[in-house]
Amino acid sequence: MMKRILFLAAALLIGVAAEAARIDTVAVFSTKMQREIPTVVVLPDAAGEGHRLPTLYLLHGYGGSHLSWLGITDLPRLADGFGMILVCPDGENSWYWDSPLDPRSQFETFVAQELVDWIDARYPTLPVREKRAITGLSMGGHGAWWIALHHRDRFGAAGSTSGGVDIRPFPDSWEMKRQLGEEKEFPERWRDHTVIEQVDSLKNGDLALIFDCGYEDFFYEVNLNLHKKLLDLGIGHDFQVRPGAHNAAYWAISLPSQMLFFYRYFDPRALKK
């Protein structure tokens with residue numbers, strides 16, 4: 001099955017000229033944080049032909065930036081091949097929460113509200129939830145699901161690759177306590193800010209969901225637990241596992257597979273192709 005998915009993803013890219021898409025690096029002002037956030041926008045060549053296109057938001061991991069995805073894979077080729085506008089904001093090391101402790105780290109509001117409105121006002125998007133998806137790697141995988149779960153009016157689909165979908169086994173890692181406080185002091189806050197505890201509010205069909213993780217990844221167990229919980233809740237989703245660790249080589253393979261999933265979500269007719 002995985003070979004078939006990757007074959008279909010590759011087939012969509014055949015004949016697409018590399019670097020045909022345009023790469024914009026922009027500064028988006030956040031009213032809530034009172035500062036500008038750098039963001040990369042990859043605009044497919046088809047947008048120059050007067051087409052409005054769906055949008056995929058790509059979130060980076062801890063220690064990364066708005067440039068991270070450009071260094072992992074060929075985003076212009078993927079944008080052209082799948083016909084999507086790609087938006088890569090800088091999320092710093094925020095975990096994409098609105099931090100209850102730091103007023104300068106309010107990235108849930110920034111991505112879900114301020115950035116979406118800014119992009120829709122300036123690019124040829126299809127500005128409805130059914131044509132808007134979000135995914136990310138590691139910290140960004142957590143962030144993508146966190147944002148989609150809390151803003152289902154904005155996003156119709158969400159993905160995660162190697163995502164930290166349960167933060168509680170890692171209380172001293174990746175600066176999370178700077179955003180939330182110490183886990184032992186605020187256990188309820190940590191529970192309420194972890195993705196796996198938020199899916200109880202889902203009804204089947206609320207979101208088109210995909211996530212994956214490599215067998216050698218330190219987040220493998222928490223992703224497997226999320227898969228099991230979704231099965232127990234009767235929430236439809238795609239869950240993929242394959243050999244690989246928590247690194248760029250894995251994410252470069254994962255992204256085209258996820259983009260095929262979103263391509264089919266954006267255009268149900270693609271299921272027949």
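Residues numbered from 1 in each chain as written. Predicted model: local features only at pLDDT ≥ 70, side-chain atom pairs only at ≥ 80, totals over all residues. Heavy atoms only, no water.

A. Spotlight on the pairing of strand β4 (residues 85–89). Within β4, five of the five residues are buried, leaving the element largely enclosed by the surrounding structure. Burial along β4 is two-sided: Ile85, Val87 and Pro89 facing one way and Leu86 and Cys88 facing the other are all buried. Pairing of strand β2 (residues 35–43) with β4 involves four bridges; the strand directions are antiparallel. When the bridges of β4 are listed, valine 42 appears paired with leucine 86. (Buried < 20%, exposed > 50% of the residue type's maximum accessible area, 1.4 Å probe, protein only. Helix = DSSP H or I, 4+ residues; strand = E, 2+ residues; numbered from the N terminus. Pairing = 2+ DSSP bridges.)

B. Highlighting the packing of helix α4 (residues 107–122) against helix α5 (residues 139–150). In the contact formed by α4 and α5, the axes pass within 10 Å of each other and the chain directions differ by 65°. Like other packed secondary-structure pairs, α4 and α5 cross with a definite hand, here right-handed. Contact residues: Phe107, Glu108, Val111 and Ala112 in α4; Trp146, Ile147 and His150 in α5. (Axes fitted to C-alpha atoms, helices over the stretch in contact; angles between N-to-C directions. Left-handed = near helix turned anticlockwise from the far one by under 90°. Contact = heavy atoms within 4.5 Å.)

C. Structural view of the pattern of salt bridges. Enumeration according to the criterion identifies 16 salt bridges in this entry. Here glutamate 182 makes a salt bridge to lysine 177, at a shortest N to O gap of 3.8 Å. Between arginine 191 and aspartate 192 there is a salt bridge, with the nearest N and O atoms lying 3.1 Å from each other. Accessibility expressed as a relative area gives 36% for arginine 191, which makes it partly exposed. The partly exposed category is assigned to aspartate 192, whose relative accessible area is 35%. Among the charged side chains, a network of salt bridges with common partners joins Asp166, Arg168, Glu197, Asp200 and Lys229. (Salt bridge = Lys/Arg side-chain N within 4 Å of Asp/Glu carboxyl O.)

D. Highlighting the packing of helix α3 (residues 75–82) against helix α9 (residues 248–266). For the pair α3 and α9, the least separation of the axes is 11 Å and the interaxial angle reads 25°. Our classification of the angle between α3 and α9 gives roughly parallel. Pair α3 / α9 crosses with right-handed handedness. Contact with α3, carried on its side by Leu75, Leu78 and Phe82, involves Leu255, Pro256, Met259, Leu260 and Tyr263 of α9 and no other residues of that element. Residues that form the contact of α3 with α9 fall into these classes: eight nonpolar, no polar and no charged. (Parallel < 35°, antiparallel > 145°, perpendicular 65-115°, else oblique. Nonpolar A, V, L, I, M, F, W, Y, C, P; charged D, E, K, R; others polar.)

E. Structural detail: the confidence of the model for the protein. Looking at the protein, pLDDT values average 91 and 91% of them are 70 or higher. Confidence over residues 14–19 falls short of pLDDT 50; this stretch has nine contacts with residues more than four positions distant or in other chains. (pLDDT = per-residue confidence, 0-100.)

F. Representation of α3 within the structure. Within α3, seven of the eight residues are buried, which leaves it mostly tucked inside the rest of the structure. Where α3 begins, one side-chain oxygen reaches toward the backbone nitrogen of arginine 77, 3.3 Å away; that side chain belongs to aspartate 74. Just downstream of α3, glycine 83 is the residue with a positive phi angle, here 65°. (Polar contact = N/O pair within 3.5 Å; in protein donor to acceptor, adjacent residues only side chain to side chain.)

G. Molecular detail of the side chain of serine 160. Topologically, serine 160 is positioned in strand β6 (residues 157–161). Of note is the side chain of serine 160, whose polar atom sits 3.5 Å from the backbone nitrogen of glycine 163. Once residues within four sequence positions are removed from consideration, serine 160 is found in contact with Thr135, Gly136, Gly141, His142, Trp145, Val165, Ile210, Phe211, Asp212 and Gln258.

H. Spatial organisation of the pairing of strand β8 (residues 238–242). Bridge count for strand β7 (residues 208–214) against β8 is five bridges, and the pairing is parallel. Within β8, the residue paired with cysteine 213 across the bridge is valine 241. In this fold, β7 hands off to helix α8 (residues 220–233), which returns the chain to β8; that crossover is right-handed. (Right-handed = clockwise from strand over helix to strand, strands pointing away.)

I. A look at the environment of arginine 264. Locating arginine 264 in the fold gives a position in helix α9. Measuring from C-alpha to C-alpha, the distance between arginine 264 and phenylalanine 82 comes to 9.8 Å, with 182 residues separating the pair along the chain.

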